[in-house]
Amino acid sequence: MEFVSAWILSASSLPFFCFFLGMNAQQAFRTEPRNLTVRMGATAVLKCEVLRASGIVQWAKDGLLLGPQRSLPGFPRYSMIGRKGQYNLRIENAQLEDDASFECQAGQSERSDAIISNIAFLTVQIPPSKPYFIMDVKTPWVAGKKYRIECVAPDAKPDADICLYKDGVDLTGATSFTTSGSKDKLLNTHAEVTFTALKSDNGRELTCHANNEATSQPVVTTVTMNVYYPPDPPYIIGLERNEIIAGKLLVLECVSDGGNPLATLQWTKEGEVLSTTWGEEVVGQRSRNILRLKITPADNQAELSCESSNIVSLSPLYITRKITVLFDPVELTLSGLLEAVEGQELTLSCHASSSNPAVHIRWWLGYKELNNTSVTIEEGENGGMTTSSNVTHQVFREDNGLTLTCEAFNNGTHVSKIQMAKLTVFYPPQKVFIESPPEDVPLRSGTRVKLVCHSTGGNPPAKLTWFKNGKEVFLTQAQTSSHMVVTLVLNLVLTASDNQADYRCDATNEAMKTISAHAKLLVQFKAVSMKITAKQEELRPGQEINLECLSGSSNPKSNISWSVGSVRFQGVEETPTESLFGGVSVLSRLHLKLTSKHHNQKVICQAYSPVLKEGSKTFYHLNVLYPPEFSPEKATEVQVVEDDVAIIPLLVSANPEVLSCIWHHGRQMLVKGEDLRHKWTDDHSLEIRNVTRKDAGIYTVKCENDEGVNQTTFTLDVLYDPNVKAEKDPVFVNQGGIADLICVADANPIIPDMFSWKWLGEEEVEMGEETQEDESSLLTIHNVTRAHAGFYQCTASNSIALPASVEMQLVVQFTPELWKGPQWSKVASRGDGTTTAELVCQAEGIPRVEFIWKKKGMLIDLANPRYEERTVREGSFHTSTLRVVNVSAALDYAVFSCTARNSLGEDKLDIQLVSTNHPDPPSSVRQVSVTHDSVTLEWIPGFNGGLQQRFRIRYIWDNSISFMYVDVVPPDTTTFTVTGLQPLTTYNFSVNALNAIGESGYADNGAVLIITTKEALTSEGDPLDDDAQSPSALTTHLTVAFTVVFGVMLVLNSLGCFLGRKWKNRRDKTKAKGDRAVNGQKLEEEMSSQSTASNSNKYESREKINIGAQHTLLIDSGSETESNIYESYTAFQEDSRYYYPAGDYKPSMSPRPGERSGLGVIAENFESHLYEEVGDTRVYQDITPYPPFFSERRQTQQMEDLKSSTFPEKPGQFMDHQHPERDYDLPFELRGELV
């Protein structure tokens, strides 16, 4: 049993025993890594299996440990894989860098020594990169030359084997060698071979194959061989025959096969290049050059050549063809005279220019061939021949009009060329006769008569010619012909010379034979001429002149009569005598007594034919010598506008002409050149340029010639526009009196109603009565008021040029009137003896106003240096400024009186000098305009309390929760537009004023201005619907909801502030009771006066008021000047805030709703506002930035007060401020003595 127990114990202890043995066993390799070869990119696995591994197992690469972790950080492609005890190294995507020696190591441990495996080499086989050729593949090879080819298979492991192929055929004789690759362990394999380029190698492929153990198939590079070789000789297509007819378009094609590059082709003719443009057929391996040549005679016997070559041709290859051109003569000329008289013999010639071959010429007359010819052939141009043929023929009348034809025929081109002409044979006319009136019928002179001549027969038709008494009559019209009859018409307008004249018509042509016909006319005519002769040479008024009138030939006899103007005279006739053209002439005598009126008149002699009822006239021009005479129709008065040109016309007659005329203006003689404005015309009229009114008056002119002297007068009236002036300016009149304004015009003419008056002021006034007396006008104004004062314009117009005007000033004298109102009746200044107050008194009055200043009814001594007066005058406005230096509350806070006085009366104004205070309420608030969303208000400002004031508008509507306030900017604006309103809503508006001390009551004793906005309109003018207004309504509801929530929070917060402040104030009063025992009674009196003052400020119940400002007003209403007033004022600072100058104030443009809650939290944003109602003991706070003159200690103290009121602490933590502040620590506006 003990033995069994011992085995049992041993069995139970066996695991521990084995563990103990294992803890002390040596680790060993079960599997060691072996050499391994893989291709690049494959996965390699090096095996390593360790028995009883107790140390750290890791791999080493070329002696570098890779780490114990199986993921092998830092080697993303490496990892250790396998089960427990297996540490196989897996290498993915094997690369050249993996070609190394590897060891598997198990590190030393407490129970085993370190072990290291055998070195295993991992060989990574790298396929060669793409092989490449080392040769200039861009430069073509030339057939027949030897070239060395080298192919490189780069970066292979092991080195690659290279095979070279030409178009699939192995190139033998290649040698190979290796060089180092781009990286270690890589090799470059080079293979070289030399071969001769052949014409057949062009376009074949040269291939390089590279492979090694890492490749499954060779890596191939291929290049295409480009071998240059010369082309084949050219040949011509399209030239089957050498003979070509001129004018044909010859299309020849030159073709050259083969060649690399393909051949360049060009055509030449006799060495001249015709075409260098060719086309290439890459597929057919040929070049073509097509020549399009228009054949001309000049190309006869020319050589055409086609030349082919390329860059490897040793010399160009040619093909040449000579061509023969068949051409017709360019010209066929028929020469010789084609006109002849019947019976003559004609010789004609026909010449054909150069042709190939020579032409054959034949003659034809009509349809008859002429054989009497001779032919001549000679060498011509372009290798051709010229041909000439002459023919002789006798003409007859029957040949007239036949066509003569010359025909030239070319046997080569089979073309005939013809030249034709018409033959003309002349022969004389046969008969001529005239159509005319009978010779015994009388015709009236001036009658139109037509004489017609006819001719028949003859070739060409006869040319007709008219003759009168043997002289040719030249006609403008041409003869006409019809049916072998020629007609020429002679149109006559009969004259005296046509009486019994011989008219002859001749007919002739190129046959040189003339025949004629004759005709005569009987014509009646008036005297063909008239002539008057006189016995005397010089004629003067009073003399008698004897005249003779000779009437020329007439048929029948004419009767003679005399006339001078409209007066007829009967002369004495003598016996008629025979005269020209078969007529008679008559002589008549006349005796006439002369006057000056006969000068330049005509004495008319008329020969009248009673048969023809017409006659002839002539006249004798009378030249009567007489002295100057002026026309009774001359103008005696000339009117002209000033600055225009005046012409005084002189109608004077004299014979001989006037030698000189002298003009006088009054007694002054006008001399040429003395006044450049004077000019004398050719008829001695006077022209005056730029006439002035001084040129008006009487002008006398005296004219003279060789026969005597005479004179006459004219009146020149110069019209000019008015020149107006005031008889008196300015015109003074007392208010209520009568004003007479007189203006006088210098004008010509003076016309009724030429004056008008105009008031030049802006406002309308009642004009007075206007009266005109000659050149003056009177404006009378009754019961003159101050509104009549100003400038009046008197305008005069007489329709000459532009009206003229003058301005006159009416000065209305009145008693002085002082400017009065709240801004003028009060002046505020500190009474601490350091400031200067200016009391301004402004009056309007005429005449000059003097000012008298009094204080408390006593005249001020301006010699006192504390008082200075300065007076400024601008027109009717007079301003007197009284400066009070070092204002003292005790001495100067009083009523000052200003009296303005002139000679008509005086006016008085009382001005109260007071301490700086809050402003007075505005007045006269009124509506200016209203729209659907805005209201514009206007008001009159009150007294500003001695400081710059600004204004605030308060408004409310039915559905609003609280009042809305708008600060008016800029501060001095008295007209403002409130925007952001709702359409069709009734609003209550009020306006008050504020300055740095406090605020006023609301305008017009707190009256409310009720205004209803208008209806909103769309862009088309229609009212907006509810949907269009919904966004605004939604905004309003959100604002109201936010205000209610915020108000409740303020009520809760303010309640705590209020209780804490109330406790603090009670403690302060108890603690300060002993310190202010001396001044206690005085303080109670002040508090009593404050209560009284509070009632006098007219602050209505339920209105917003600044409590701090109210305290200031209460203090300012007292009369003490001691420092305890400032102490009591300081006591109020703990629950009040200052108003500072408006210059530091930054108002908000948007309205702010008033808070309905109790004492709220005052935020640290010093531009925010809280508005509280008086009835609810609420506070209006307007915190603005501190002025620069506050000390840091004072700012810190006020900030602590602000924080204490905003965030109340425990009662023991409130601070007391019992020390009175000094005067210089107060705001500037509050320094000094307050009354």
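You'll find the structure just up there.
Residues numbered from 1 in each chain as written. Predicted model: local features only at pLDDT ≥ 70, side-chain atom pairs only at ≥ 80, totals over all residues. Heavy atoms only, no water.

A.B. asks: Sorry, what's going on with the overall build of the protein chain here?
C.D. replies: Of the regular secondary structure elements, the protein chain holds nine helices and 94 strands. The burial tally for the protein chain puts 42% of its 1235 residues in the buried class. Excluding contacts between residues fewer than 6 apart, the proportion of contacts in the protein chain whose partners are at least 24 apart in sequence is 66%. As displayed, the protein chain has an accessible area near 66400 Å², and 52% of this comes from carbon and sulfur atoms. (Helix = DSSP H or I, 4+ residues; strand = E, 2+ residues; numbered from the N terminus. Buried < 20%, exposed > 50% of the residue type's maximum accessible area, 1.4 Å probe, protein only. Contact = heavy atoms within 4.5 Å. Areas by Shrake-Rupley, 256 points an atom, 1.4 Å probe, with all protein chains shown as cover.)

A.B. asks: I'm lost on the packing of aromatic side chains in this one. Help?
C.D. replies: Each aromatic ring pair is summarised here by two numbers: the centre-to-centre distance and the angle between the ring planes. A full pass over the atoms with the stated rule returns 14 aromatic pairs. For the pair phenylalanine 75 and tyrosine 78, a centre-to-centre distance of 5.6 Å together with 10° between the ring planes defines the contact as stacked. On the basis of relative accessible area, phenylalanine 75 is assigned to the partly exposed category, the value being 25%. Overall, tyrosine 78 belongs to the buried group, its relative accessible area being 3%. When the centroid spacing of 6.0 Å and the interplanar angle of 40° are considered together, the rings of tyrosine 987 and phenylalanine 989 count as tilted. Comparing tyrosine 987 with phenylalanine 989 shows no difference in burial state: the two are buried. A connected cluster of aromatic rings, assembled from ring pairs, spans Tyr955, Trp957, Tyr987 and Phe989. (Phe/Tyr/Trp six-rings, centres within 6.5 Å; stacked < 30°, edge-to-face > 60°.)

A.B. asks: Would you mind going over a nonpolar patch on the surface with me for this structure?
C.D. replies: A contiguous nonpolar surface patch, about 240 Å² in accessible area, is contributed by Leu249, Val251 and Ile290. Of note, valine 251 is situated in strand β24 (residues 249-257). (Patch = residues over 30% accessible without salt bridge, like charges linked within 9 Å, V, L, I, M, F, W, Y side chains within 5 Å. Salt bridge = Lys/Arg side-chain N within 4 Å of Asp/Glu carboxyl O.)

A.B. asks: When you look at the sheet that holds strand β20 (residues 219-224) in this model, what are you seeing that I'm missing?
C.D. replies: Two pairing modes exist for strands in a sheet, parallel and antiparallel, and in both the strands are linked by backbone hydrogen bonds. As summarised here, the arrangement of the four strands in space is β16-β15-β19-β20, forming an open sheet in which the pairing is antiparallel. Every other strand in the sheet has two partners, leaving β16 (169-170) and β20 as the edge strands with one partner each. In terms of strand pairing, strand β19 (residues 205-211) meets β20 through six bridges, oriented antiparallel. Within β20, the residue paired with histidine 209 across the bridge is valine 220. (Pairing = 2+ DSSP bridges.)

A.B. asks: Explain the nonpolar core here, please?
C.D. replies: One broad trend across soluble globular proteins is that nonpolar side chains are buried collectively. Of all hydrophobic cores here, the largest spans 26 residues; its most connected members are Val50, Trp59, Tyr78, Leu89, Ile91, Phe102 and Leu122. Listed by contribution, the elements that provide at least two residues to this core are β3 (44-46), β5 (57-61), β7 (78-81), β8 (88-91), β9 (100-106) and β11 (120-125). Residue contributions to this core peak at four residues, all from β9. Counting residues in each nonpolar core, the second largest holds 24 residues, with Ile781, Val784, Tyr792 and Ala796 among its members. (Core = buried A, V, L, I, M, F, W, Y, C linked by side-chain atoms within 4.5 Å.)

A.B. asks: Which parts of the structure should I look at to understand the pattern of salt bridges?
C.D. replies: Working definition: two side chains of opposite charge can pair if their charged atoms are close together. Taken as a whole and judged by the stated rule, the model has 46 salt bridges. The partner of lysine 166 in a salt bridge is aspartate 201, with the nearest N and O atoms 3.4 Å apart. Of this pair, lysine 166 sits in strand β15 (residues 161-166) while aspartate 201 sits in the loop between β18 (187-196) and β19, and the two are 35 residues apart along the sequence. There is no split in this pair, since lysine 166 and aspartate 201 are both buried.

A.B. asks: I'm lost on unusual backbone geometry in this one. Help?
C.D. replies: Backbone geometry follows two general trends: most residues other than glycine have a negative phi, and most peptide bonds adopt the trans configuration. In this model, asparagine 356 is joined to proline 357 through a cis peptide bond whose omega is -5°. Mapped onto the elements of the fold, proline 357 is located in the loop between β33 (345-355) and β34 (360-365). Geometrically, the link from asparagine 748 to proline 749 is a cis peptide bond, its omega value of 5° lying close to zero. Along the chain, proline 749 turns up in the loop between β71 (739-748) and β72 (755-759). One non-glycine residue with positive phi stands out, namely arginine 52, at about 55°. Mapped onto the elements of the fold, arginine 52 is located in the loop between β4 (49-51) and β5. Backbone geometry at methionine 484 places phi at a positive 65°, although glycine is not the residue there. Its place among the elements puts methionine 484 in the loop between β46 (480-482) and β47 (485-493).

A.B. asks: Help me understand the environment of leucine 46 in this model?
C.D. replies: Relative to the helices and strands, leucine 46 is located in strand β3. As a C-alpha pair, leucine 46 and asparagine 35 span 11 residues in sequence and 8.3 Å in three-dimensional space. When sequence neighbours within four positions are dropped, the list of residues in contact with leucine 46 reads Pro33, Arg34, Leu36, Trp59, Tyr87, Asn88, Leu89 and Phe102.

A.B. asks: How should I be thinking about the pairing of strand β36 (residues 373-379) in this particular structure?
C.D. replies: Sheet faces and side chains relate simply in a regular strand, where the side chains alternate between the two faces. As paired strands, β36 and strand β37 (residues 385-394) are joined by seven bridges and run antiparallel to one another. Looking at β37, one finds that threonine 373 is bridged to valine 391. Here β36 folds back onto β37 in antiparallel fashion, the turn holding five residues, of which asparagine 382 has a positive phi close to 55°.

A.B. asks: Is there a simple way to think about the sheet that holds strand β41 (residues 431-435) in this case?
C.D. replies: Pairing in this open sheet of four strands is antiparallel, and the strands run β41-β43-β47-β46 from one edge to the other. The open sheet is flanked by β41 and β46, the only strands paired with a single partner. Each strand axis lies, on average, 25° off the axis of its neighbour in the sheet, ignoring direction. (Axes fitted to C-alpha atoms, helices over the stretch in contact; angles between N-to-C directions.)

A.B. asks: Would you mind showing me how to read the state of the cysteines here?
C.D. replies: Taken as a whole, this structure holds nine disulfides when the rule is applied. Shown here is the disulfide that connects cysteine 254 with cysteine 306, its sulfur atoms set 1.6 Å apart. Between cysteine 254 and cysteine 306 the disulfide shows an S-S torsion of about -85°. By sign, it is left-handed. Note that cysteine 254 is positioned in strand β24 and cysteine 306 in strand β29 (residues 302-309), a separation of 52 residues in sequence. A relative accessible area of 0% places cysteine 306 in the buried class. The disulfide partner of cysteine 743 is cysteine 794, and the S-S distance across this bridge is 1.9 Å. One end of the pair, cysteine 743, is in strand β71; the other, cysteine 794, is in strand β75 (residues 790-796), and 51 residues separate them in sequence. Here cysteine 743 matches cysteine 794 in class, with each residue buried. The closest cysteine sulfur to the non-disulfide-bonded cysteine 163 is located on cysteine 208, 8.6 Å from its own sulfur. The exposure class of cysteine 163 is partly exposed, given its relative accessible area of 34%. (Disulfide = S-S within 2.5 Å.)

A.B. asks: Help me understand the side chain of threonine 405, please; the structure alone is not making it clear to me.
C.D. replies: Take threonine 405: it is sitting in strand β38 (residues 403-410). When residues no more than four places from it in sequence are discounted, the contact partners of threonine 405 are Arg362, Trp363, Trp364, Ile418, Gln419 and Met420.

A.B. asks: What's the story with the pairing of strand β25 (residues 264-269) in this structure? I'm lost.
C.D. replies: Relative to β29, β25 is paired through six bridges, and the arrangement is antiparallel. Its bridge partner being in β29, glutamine 266 is matched across the sheet by glutamate 307. In this structure, β25 lies alongside strand β26 (residues 272-275), joined through three bridges in antiparallel fashion. By the bridge assignment, lysine 269 is partnered in β26 with glutamate 272. Counting the residues between successive antiparallel strands, the hairpin from β25 to β26 contains two residues, one of them, glutamate 270, with a positive phi of roughly 55°.

A.B. asks: What is the right way to look at the environment of alanine 511 in this model?
C.D. replies: Residue position: alanine 511 is located in the loop between β48 (503-508) and β49 (515-519). Judged by relative accessible area, which is 18%, alanine 511 ranks as buried. Distance in space between the C-alpha atoms of alanine 511 and proline 460 is 8.4 Å, their sequence separation being 51 residues. Residues in contact with alanine 511, not counting those within four places in the same chain, are Phe426, Tyr427 and Pro428.

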